[in-house]
Each structure stands twice: as C-alpha cells, then as structure tokens.
Amino acid sequence: MSNILDIRNLTIELETSAGTVKVLDKLSLQLAEGEIHTLVGESGSGKSLLAKAIMGFINPRWKITADRLWWRHYDLLALNPVQRRMITGRDMAMIFQNPGSYLDPNTKLGNQLRETIPQSELKGIYLRRKANRTVRAERLLHRVGIKDAEKVMNSYPHQLSEGVAQKVSIAMAIAHNPKLLIADEPTTAMEPNTRNQIYRLLAKLSASQGMSILMITQDLTSVIPESQRMSLVYCGQLMETGPTEKIMTEPFHPYTDAMLQMSFFNKELVPKTRLPTLTGAIPTLQHMPIGCRLGPRCPKSRRACIHQPRLSKVKQHQFACHFPLIEVETHD
Amino acid sequence: MFRYSLRRMVLLLVTLWLLTLLIFALNYWYPGDPLTNMTGIKFSDTLAYQQALVARGFDGSLLSQYFSFMAHLLQGDWGASMVTEQPVFAEIKPLLGATLELGLLAMLLAIVLGIPLGVYAAIQQRGKLDRLIMGLSLSAYSIPVFWLAQLFILLFAVKLGWSPISGQIDPLYAIDINTGSILIDIWLSDSDYRIAAFTDALNHLWVPVIVLSIMPLTMLIRIMRNAVLDVLQQNFIKAARARGLSDSTIMFRHTLPNAMQPVVRQLGLQFSVLMTNIIITEVIFNWPGLGSWLVKSIYERDFPVIQGGLLVLASIILLVNVMVDLVHAWRYPHIRKEIDAK
C-alpha cells in the first residue's frame, strides 16, 4: 500500500502578541489508501490546525512550512489557491464537530445536498438531470442511514438533531466520492448511541469504497477498532505513531501510557481510587516549554528532554522520546 | 408561522388602536374647541355646529365621544379642512400617491445600487475601491437631507439647468390627477402629449429621488458590506468551499441569501427614516405629497388635516414594519425558532 497523503515535518507558526509561536512543530503523518488513521490529541494540540492545513483553510497570518506536504503526486504547498481548491474539492472532504453550524441555516437540506453532487456525474438533459440529482441525493441519504429521506430533504438544519445533521453532512461529504475524508471530532456533542452509529457508518464507508479517513479525536476511548493506525499529538508535537493495536497494548511513549492509564483501558484501576493523571496542565501558547513539550509534566523526564527527541522507529511503530518505556536499540 | 403572523397582526391592530386614542386626545390638547378641531366645522356656522354636537356625541360622556369619533373615522369621514373646507379623506388619496411614488422610487434606487455596491466593497475588503465606497458613503450619510436637497437644486437646476427647480410636472400638460402618482396618471390620461409629459415628469422626478435615496443607500451599502463579511466568516461557507463548490454558487446560493437577512430587517427601519426625510424633501421641492401638505397644515393650524396626515403616515410606517417582519420570518425560518423560543 502506498501513502496517498505524505506529510513530513509540517510546522505552522502563528504571529501572536508574545511573538511567533509554533503551534505545530515538525509533525509528520502518512496515510495509506483505504486506511483509517486516528489522530489523538487534547485540546490545543493543533490537531484541527493540521486538518485545516491539509484542506487548505488557511489563514493568511499563518506561516506554513514543511519538508513535504504531498497529496498523491501533488505538492500541495506549491500549488496556487485555485488549483489547490480544485484538487481538495475533488479528492477530499471534511466533516466537523458541530454539524449544525456547517450547514446553511436558510436553505433546505435537499437543495444543499443536491448542489454537492457533481454535474459531471449526471446524464441527460436539463430536466432529466434535475430528476437524477434528486434520486442520487435520496440514495446518498439512504446510504448514511437516514430512512425518511424525503422529510429530511424538506427540512432546515435547525429542525434536525445533531446526529441527523451529522449524517447529512457525511452524505454531502461523500457525494463526490472523495479519496480522503477528514473527520474532525465528528461525535463530540453526541450521545453514545448516535456516536456509535456515526463511527460504524464511517468504518463501513472506508471498507466499501476504499476511502481513507483521518479521524481526529480527543481521547483514546473514541478510537474505533477499525482504525488501522493512530498518532498521538501533544502541543503540536508528534509523540507516537504506529499500528493502533501496538500502541494500545505496548506503548513506547510515556504520554501514550498516561493517556491509557486515565482511560477505561486501565483494567488495574482499583475502584474508588484516584484516576492517575499527568501532573500540571496543558501549557498556554505563549509558554511552550523548549525541547520535548511534554517535559515538565512527564514522569520520566530528565535533563536530556530539553532537546527535542528525534523519531525512533521500531518496525511500523515510531515515537519521539529519549526515555521510552520499553528499552530499544536506537539507531543513532 | 401562522401563530407568528397572527401575533404580528394583533400587535398591529393594538398599535393602530393606540394611535387612534392619541389622535383623539390631541383634539382636546390643541388650542380651540375640540369639536372644531375634530371636524373642521366652525363655531360661527351655528346650525351645522349644533348638529355635529349631537352627531359627535358631545352631549354625552368622553367615552361616547370616542366611540362616535371612531365610527366617523372608520366610515371615512375625517372632517373637513379648516382652510379649504374640503373633506380631508378625499384629499388624502392623490397626496398619498405622490408621496409613495417618490418614496418607493427612492427606496428602489437605494436597493438597486446599494446591494451590489455593498457586496462589491465586501469582496474587495480593505482594497482601494472598498475604501473609496465606504468613505463616500460615510460622508454622504453625514449630509443632512435639507442641505443636500438645496445643493442639488443649486447644481442641477440653477447652474446646469438640467432639471426644473421644483414641482411635479409642468401644469401646461394638464394631466388629470387621479392616483397622485404622476407617472401612473400620465399613463391613464388620454392626453396627446403623453410622451412629452412623461419626459417632463421624469425630469422633475430624478433630483428629489436621488436626494431621498442617499440616506437609505449609504445605510444599505454599509449594512450589506458588514453582512457579507460576516457570512463569509461562517462555518457553512468554509464547508461549502471545502466541498469544492464554485465561487459563484457559494455567492449566489449561500452568501447573498444569508447576508440579506439583516438587510431585510433594516429595510423596515430605514422606511421610517425615509418617511421623515420625505416630508422635508417634499417641502423643498414643492412636491404635492402628504409631507408638504402636513407641514403646510401645521403652519395654518389646520387641525383636521394634521390629524388625517398623522394617521396616514403613522399607519403606513406601522404597516410596512409589520410586513417586513413577516417577510423576514417567512424567508428566514431559523429566525422563527428563535422567536418561538422567546
């Protein structure tokens, strides 16, 4: 399997009143075709920024540099905005945390869905095409698990629950059969039942169409079993990346371990005891530690941590730590 | 929507009722005899006065006077002018036509120019043309209408001679005033010189229309610009771009319809401002409309006319505002949810 998305050392700098801040610090990420990749990071880790950088929602105040930001054989940073939008519009799609605000409040959902179906995929003359559009829109809604398609098409966004709205935005996102779907915390505001439905739907879409999905979540509990690979990001730095199973069972990085300890994957937790957490809080943008940004909170940190560790590689599994939980022969 | 419309209608009726109360009360607060103020019948006309005293319930309580006042009002008996002794109600129709013609044309001009200019300024945000449009609209907004009107007369009528100084049409054309709207009246008339009369009417019309449209135009430009900028920031526009929709689809299907929402709201408010300006403009241009009629009657202490003019102007403003509210709620369904939630 080849990588369709290849990001090497992506850095995003923001101009703030306290000077330039690196919100993403040399982040690397590879995504293979048809793969579900989960990106885990707490708030402020820059995971949404990464998604925006891929999609090209770029604020002119950001400074983006990368050794590589390649989508298939296109160098995204070298393209002009028009070409870039053409490619992202054709190949990529994104769904968001609160779907309500990503739908036009004053247009019926049917019309919004219909206009996302590309003209090129419709046959026949005007009226025929128009009818085709409606049929295809209904089919899309059925595919994302909405039974009463007609009613939903005749509703405005405010008349639907968040779960249904998210399904509609997934339908809109997959209308042009994208190769990559970025799901930015798609279920945060939803109840567990709806959440599971959405996750099952995304997994099914990936399996049936060979669509790659970059799933962005806040914590390890929402990593779905279908996810093949995952990455953990802390304050804009990549902590660990590798096959999901490996990371969940044999983490190298103290951060991954801490995240596992605080979730229900921790089977050794005695009832009614305190949940083990990292000390301290996530640093603010203006006060980023130098070197490994986890340093001040890390149980294993030592003096060497003031230098940012390089990525070490054990088979498919990569991590950035001077003092991993499992001793390995490093290559340097 | 039905409940909301019903509520608006009830509110409209209640406001109109309060308006009649106020106008009724004014007759007692004005100097002179209340019955004369109300009907225009002079005290010296003894027989008619005695009849009116009974007919208007002035032999009974204040309540019976109000009921009889309302009964006459609803029947279209709004008294007679104390100066011309003509019935007020019959006089109002052509005046209203002339005022509405001026006001609607000015509003139309403001909409036709203001919306594209506002959108253009927003797209060119912080560009040279944006600064130019915004600068001009702010300066034009700051000019009071009475001064602007005189400047325009001085420039276009006196110096350049492109247009007559005042009036609605040259009286030589002898157009029968029927609806009051001069363009419609020429259309309806069987004069042999219809085309010439039409040109002459337009010649008279364009200066006051431009003067009147400046205020709503500059407001519309600025509201439209801010609204478009605001909508362009919204998530659903970003999402639409991410879906690969073309710029024109996003602009015409999503940005503009959403940006029009605050504009529709403002149109109702702007209409009241326009009505105030129309009174001043009509006086300056000697336009035979409600405004100049009202001002003239104030100078002449012609109370039945003041009463009728006030009633009509206030009712029009109320009606337009309620209509704008209804259109707003009908076109922007998510607003209805907010209204219901309150």
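Being a predicted model, the structure only gives us computed values, none of them experimental.

### Focus on helix H1 (residues 47-55) of chain A
Because an α-helix packs 3.6 residues into every turn, residues spaced three or four apart end up facing the same way. Residue and element names in this part refer to chain A. Of all 9 residues in H1, 7 are buried; the element is thus mostly enclosed. Among all positions in H1, only Lys47, Leu49, Leu50, Ala51, Ala53, Ile54 and Met55 are buried. Residue Gly56 follows H1 closely and has a positive phi angle near 85 degrees.

### Focus on empty space enclosed by the protein
Vacant regions in the atomic arrangement are exposed by a probe of water-molecule size rolled over the atoms. Under the criterion given, the structure shown has 7 cavities of 30 Å³ or more. Computed from the structure, the largest cavity encloses a volume of approximately 80 Å³. The wall of the largest cavity is formed by Ala93(A), Met94(A), Phe96(A), Tyr102(A), Ser169(A), Met172(A), Ala173(A), Ala239(B), Ala242(B) and Arg243(B). When contributions to the lining of the largest cavity are tallied by element, the ones reaching two or more residues are strand S7 (92-95) and helix H6 (162-173) of chain A together with helix H10 (235-242) of chain B. For the lining of the largest cavity, the element with the most residues is H6(A), which contributes 3 residues.

### Details of the UniProt feature "transmembrane region" (unreviewed entry) in chain B
Mapped onto the present numbering, the UniProt feature "transmembrane region" (unreviewed entry) falls at residues 102-123, 135-158, 205-224, 267-285 and 305-327 of chain B. For the annotated span residues 102-123 of chain B, helix accounts for 100% and strand for 0% of the residues, and the straight-line distance between the end C-alpha atoms is 32 Å.

### Quick word on the UniProt feature "domain: ABC transmembrane type-1" (unreviewed entry) in chain B
The UniProt record annotates "domain: ABC transmembrane type-1" (unreviewed entry) at residues 96-328 of chain B. Span residues 96-328 of chain B is 80% helix and 0% strand, its end C-alpha atoms 26 Å apart.

### A look at the packing of aromatic side chains
The tally for this structure, following the rule as stated, stands at 14 aromatic pairs over all chains. Aromatic pair Phe96(A) and Tyr102(A): ring centres 3.6 Å apart, planes at 5 degrees, arrangement stacked. According to the relative accessible area criterion, Tyr102(A) is buried, its value standing at 13%. One aromatic cluster is present, formed by Phe24(B), Tyr28(B), Phe58(B), Tyr66(B), Phe67(B) and Phe69(B) through successive ring pairs. It is Arg194(B) that lies over the ring of Trp187(B); its NZ or CZ is 5.9 Å from the centre. Positioned above the aromatic ring of Tyr141(B) is the side chain of Arg222(B), whose terminal nitrogen or guanidinium carbon lies 4.7 Å from the ring centre.

### Quick look at the pairing of strand S1 (residues 3-16) of chain A
Residues and elements named next belong to chain A. Two elements, S1 and strand S2 (residues 19-32), share 10 bridges in a ladder whose sense is antiparallel. Its bridge partner lying in S2, Leu10 is registered against Leu27. Count of turn residues in the S1/S2 antiparallel hairpin: 2 residues.

### Quick word on the sheet that holds strand S8 (residues 180-184) of chain A
Residues and elements named next belong to chain A. Here 8 strands make up an open sheet; going across it, the order is S7-S8-S9-S3-S10-S11-S13-S12 and the pairing mixed. The two strands at the open ends of the sheet, each matched to only one other strand, are S7 and strand S12 (312-314). Each strand axis lies, on average, 15 degrees off the axis of its neighbour in the sheet, ignoring direction. On the sheet, H6 packs against S7 and S8 and is oriented at approximately 175 degrees with respect to S7.

So, how was this worked out
Each chain carries its own residue numbering, running from 1 in the direction its sequence is written. Following the order in which they are written, the chains are lettered starting with A and the ligands numbered starting with 1. Per-residue local features of the predicted model are confined to residues with pLDDT of at least 70, and side-chain atom pairs are confined, for both listing and counting, to 80 or more; whole-chain, interface and lining totals are unaffected and use all residues. Side-chain metrics in this entry use all non-hydrogen atoms of the structure; hydrogen atoms and water are not considered. Summary of the burial criterion: residues with accessible area below 20% of their type's maximum are buried, those above 50% are exposed, and those between are partly exposed, where the area comes from a 1.4 Å probe applied to protein chains only. Note on conventions: DSSP H or I runs of at least 4 residues are helices, E runs of at least 2 residues are strands, and numbering of each starts at the N terminus. Note on definitions: the grid is 1 Å and covers protein atoms alone; a cavity is a set of points where a 1.4 Å probe fits but cannot get out; a pocket is an open set with protein on both sides within 12 Å along at least five of seven lines; lining residues have an atom within 4 Å of a point. Grid points are joined across faces, edges and corners, and a volume is the space filled by probe spheres set on the points. UniProt positions are given in the numbering used here, feature names are shortened, and annotations may be inferred rather than shown by experiment. Ring pairs shown here join Phe, Tyr and Trp side chains whose ring centres sit within 6.5 Å, with only the six-membered ring taken for Trp; geometry is labelled stacked below 30 degrees between planes, edge-to-face above 60, and tilted in between. Here, a charge over a ring is recorded when the distance from Lys NZ or Arg CZ to the ring centre is within 6 Å and its angle to the ring normal is within 35 degrees. Note: two strands are recorded as paired if DSSP finds a minimum of 2 bridges between them. Lines fitted to the C-alpha atoms define the axes, with helices restricted to the stretch that makes contact. Angles between their N-to-C directions range from 0 to 180 degrees. Contacts are residue-level and defined by heavy atoms, with any inter-residue pair within 4.5 Å sufficient.

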